[in-house]
Amino acid sequence: MRILLLALFISIMVLLMSASMFFYYTTPLSESTYLTSGKITENTGGFDINTSAITFGSITIGGSSTRSIWINNSYPFAIKVKPVVKGSISEKVKYDSIIIKPYEASSFKLTFFANNSSSLGYYNGEISILLLRA
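On a predicted model such as this, the values are computed, not experimentally measured, just so you know.

When its secondary structure is counted, the protein shows one helix and eight strands. From first element to last, N terminus to C terminus, the protein shows the α and β order α-β-β-β-β-β-β-β-β. The C-alpha radius of gyration computed for the protein amounts to 21 Å, which surpasses the reference 14 Å derived for 134 residues by more than 25%, pointing to a less compact arrangement than a globule. If you line up the protein on its principal axes, its C-alpha atoms span 80 × 35 × 20 Å. Sequence separation of 24 or more characterises 67% of the internal contacts of the protein that already satisfy a separation of 6 or more. Total accessible area on the protein is roughly 8700 Å²; 60% of this is exposed by carbon and sulfur atoms. In the protein, 11 positive and 7 negative side-chain charges are present, and the distance between their average locations comes to 10 Å.

This is the structure in structure tokens:
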């Protein structure tokens, strides 16, 4: 009976430790959300300078537009930058998650692609930038 109670106690402790480690690494340290938009046109490109949203401007078929966000890691551990893209623009925006070392800064790039099979029109949504422990 004692062995069963000891095994149960150890199992519960392992479960609690696993759950705490899961939440430790998956709970964002910070989250910033930006409205985002881009327009695919047939033959006229252009750009938009906006400091409160991520706007890709007008992109011609076959073209792309890249925007960068400067991220400063002020934590004493490495962080992972993970975007979450929602809305009609989500199928057009591509990115690479990056890891930033402690007390360093890096540019995080988001690119809107208007490939040859894209439909003309306006795409919008929002992009949330999550900072997670690496």
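Looking now at the sheet that holds strand S7 (residues 105-113). Spatially, S3-S7-S5 is the arrangement adopted by the three strands of the open sheet, whose pairing is antiparallel. Of all strands in the sheet, those with a lone pairing partner are strand S3 (64-72) and strand S5 (93-95), marking the two edges. Across the sheet, the axes of successive neighbouring strands diverge by a mean angle of 30°, strand direction being ignored. Here S3 pairs with S7 via nine bridges, running antiparallel. Across the sheet, residue Ser68 finds its bridge partner in S7, namely Lys109.

Right, let's get into the nonpolar core. Formed by 20 residues in total, the largest nonpolar core has its most connected members in Phe56, Ile71, Leu110 and Phe112. When residues of this core are traced back to their parent elements, those giving at least two are strand S2 (54-60), S3, strand S4 (79-87), S7 and strand S8 (121-133). Leaving out residues up to four positions away in the same chain, Phe112 has contacts with Gly38, Ile40, Phe56, Ile59, Gly63, Ser64, Ser65, Ile89, Lys92, Val93 and Tyr123.

Reading guide: rules and limits
- Counting restarts for each chain: residues are numbered from 1 in the order of the written sequence.
- It should be noted that, the model being predicted, local features are given only for residues of pLDDT at least 70 and side-chain atom pairs only at 80 or more, the latter also being counted only at that level, while totals for whole chains, interfaces and linings use all residues.
- Side-chain numbers come from the whole structure's heavy atoms, not from hydrogens or water.
- Where helices and strands are cited, they refer to DSSP runs of H or I of at least four residues and of E of at least two residues respectively, numbered from the N terminus.
- All radius of gyration figures rest on C-alpha atoms, and the globule criterion is 2.2 Å times the number of residues raised to 0.38.
- In this description, contact between two residues means that some pair of their heavy atoms is separated by no more than 4.5 Å.
- Areas reported as accessible are Shrake-Rupley estimates using a 1.4 Å probe. Residue values count occlusion only from the protein chains shown.
- Under this rule, positive means Lys or Arg and negative means Asp or Glu; His and the chain ends count for nothing.
- A single reference atom marks each charge: NZ on Lys, CZ on Arg, CG on Asp, CD on Glu.
- Any two strands with at least two DSSP bridges between them are considered paired.
- Lines are fitted to the C-alpha atoms to define the axes, a helix being fitted only along its stretch in contact, and any angle between axes, read from their N-to-C directions, falls within 0 to 180 degrees.
- Remark: nonpolar core denotes a set of buried residues (Ala, Val, Leu, Ile, Met, Phe, Trp, Tyr, Cys) joined through side-chain atoms within 4.5 Å.
- Residue burial is assigned from relative accessible area. The probe radius is 1.4 Å, only protein chains are included, and a residue is buried under 20% of its type maximum, exposed over 50%, and partly exposed in between.

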